[in-house]
Structure formats: structure tokens, C-alpha cells
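Structural overview for review
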Amino acid sequence: MAQVIMIASGKGGTGKSTIATFMAAELSLRGHKTFLTELDMGLRSIDIISGISENAVYDIGDVLSGECSWEKAVVVSPYTKNLHIMPAPGKKNGVEFENLKKLVDEIYGEYEYIIIDTAAGLGDAFNAALAVSAMAIIVCTADAVSVRDARIVSDEIFYNNVRDIRLIINKFDKNTFKHSGFTDGDQIIDACCTQLLGVIPYDVNIQVAAMDGKPLTTDSLSKKIFSAICDRLQGRHTQMIVR
């Protein structure tokens, strides 16, 4: 049976989709059959980040509308056979979010992890993901606006009875953090009222890998951080890496 995880953020630009993709890749490289999809209709990105844009014929919009089966819309990652990807459609309108539960029910027994990259903020995509998820990971950056919006999202998730809520602080930079208004990371954790899963530094290598649609290099710091994040996700006690 699958663990269904939604990846959310209060505002756009936090790197949510990149994190969702690299987390899914890390889990799949560990031998876990993983399904990755996104609900940011009209603004899709995981097809490029995961390197399957040239092979994606159908999308989750086609599946939710009943135009094709989920098997047809899935694209296998070129880097690991355990990662199956279903991108969002290029158009925004006409997506039947109410059918997301039916899709999750159909694939629930096929995968160990189902990762849903929802749209930033609140709305239909967020609510659809929330209705089927057992865990939520909120992505924010270390600035007052992003943290405030992350708390709004955290509260909304909690009030809808999802209690397993984790936080990833992304694009962390010690130099800019001095101007964030926070004295330390604990203030951000307390403000978001969530359990910290990881801190990902600002790293040009992540940007390059996402733009190229390729995995992180095995010897990179960011790869080690994603590995540690997945360790904690799987219940292992792993030291937090903050650079």
C-alpha cells in the first residue's frame, strides 16, 4: 500500500516542484516504486525537471477527465525504472479535480509512494491533494512572506485532519538569512508550527540539474541532503545537514 504525500507551499517560487521531483527520484533509486504527479494546471514543470518532457503524450488532466487510462499517461523516468511520472496539462481550465481520489484509489496498490506536487497556495488543486494525502510537506524559503504563507497552509492542512505535517526550508543562504527577520531556524519552525524535515541550501547545481532534466550528481552536497531528507521521511534518525 502506498504512502500518499502532498508537497505544498504558501507562495510560488519556493522550489516545491524541484523538491518533489528530486525526492521522488531519491526514493525510487532506493528501490521504492514511486508515482509522481503535479496539479499546477497550465503551469507544469515536473516534466522538464524529471527529463520526460519529450515523451509525455498524455497528462493527469486527460486521466481525470476520462480521456485515457492512467497507464497511458504515465512516463517511466529515463534514470530509474521505479519512478513513474504523470505531468500536469498545459491548459488550466476544465480539469476535474473531484476525480483525483478515484485515480489514487486505482494506483494505491501499485506504488509504495505517491507524491502529489500541488499548486502553490490554497484552491481546488490544494483541496484535491489534501483529500487524498496522509502526509503533507510544506516548502518555504527563509523570508517573512514565505514563512507567513506557509503557516496559513499548515493551519489549513491541520484543520482538515492531516496531522503528519513536515517542513522543508529551501534555498537557504546564511548571508541573506541575516536580513530575513529571523534570528535562527527554530523561529521559522515555530512560526510554521511544523516538524522540520530538512534544510536545502541555495545551490546552482540544483538549478542546473532541474533545467537539464537530470539527476543530482552522486557526490554533491545537495544529493546528500536529499538522501538525508528521505532517511527522515522513512523514519531513520539522520543528522540534519545545514550549510
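Not measured: the values here are computed from a predicted model.

What counts as what
Residues numbered from 1 in each chain as written. Predicted model: local features only at pLDDT ≥ 70, side-chain atom pairs only at ≥ 80, totals over all residues. Heavy atoms only, no water. Helix = DSSP H or I, 4+ residues; strand = E, 2+ residues; numbered from the N terminus. Rg over C-alpha atoms; globule rule 2.2 N^0.38 Å. Contact = heavy atoms within 4.5 Å. Core = buried A, V, L, I, M, F, W, Y, C linked by side-chain atoms within 4.5 Å. Buried < 20%, exposed > 50% of the residue type's maximum accessible area, 1.4 Å probe, protein only. Arc of directions from axis to C-beta. Polar contact = N/O pair within 3.5 Å; in protein donor to acceptor, adjacent residues only side chain to side chain. Pairing = 2+ DSSP bridges. Axes fitted to C-alpha atoms, helices over the stretch in contact; angles between N-to-C directions. Nonpolar A, V, L, I, M, F, W, Y, C, P; charged D, E, K, R; others polar.

Some words on the overall build of the protein chain
Regarding its fold elements, the protein chain presents eleven helices and eight strands. Relative to its length of 243 residues, the protein chain is compact, with a C-alpha radius of gyration of 17 Å against a globular reference of 18 Å. In terms of overall dimensions, the protein chain has C-alpha extents of about 50 × 40 × 30 Å along its principal axes. Across the protein chain, every contact between residues at least 6 apart in sequence was considered, and the portion connecting residues at least 24 apart equals 77%.

A short note on the nonpolar core
As a rule of thumb, nonpolar side chains are buried together in soluble globular proteins. Residues L100 and I188 are the most contacted members of the largest nonpolar core, which totals 52 residues. Once residues lying within four places of it in the same chain are set aside, the contact partners of L100 are L39, I60, L64, I116, A128, A129 and V132. Membership of the second largest hydrophobic core comes to 33 residues, among which are I5, I52, V75 and L83.

Details of helix α9 (residues 185–192)
Among all positions in α9, only I188, I189 and C192 are buried. Relative to the axis of α9, the buried residues are bounded by an arc of 100° and lie together on one face. Those residues of α9 that are buried are in contact with β6 (135–141), α7 (144–159), β7 (164–172), α8 (174–177) and β8 (195–201). N-capping of α9 is provided by D184, with a side-chain oxygen placed 3.1 Å from the backbone N of D186. Phi turns positive one or two residues past the end of α9, at C193, with a value near 55°.

Observations regarding the pairing of β7
The element β7 is largely enclosed, with a buried count of seven among its nine residues. Bridge count for β6 against β7 is seven bridges, and the pairing is parallel. Bridged to I137 within β7 is R166. Relative to β8, β7 runs parallel, the two being bridged by five bridges. Each residue of the ladder has a partner; that of I169, found in β8, is V199.

Looking at the packing of α7 against α9
Orientation of α7 relative to α9, taken along the N-to-C sense of each, is 35°, at an axis distance of 8 Å. Across the interface between the two elements, V147, A150, R151 and S154 of α7 pack against I188, D190, A191 and C192 of α9. Residue composition of the contact of α7 with α9, grouped by class: five nonpolar, one polar and two charged.

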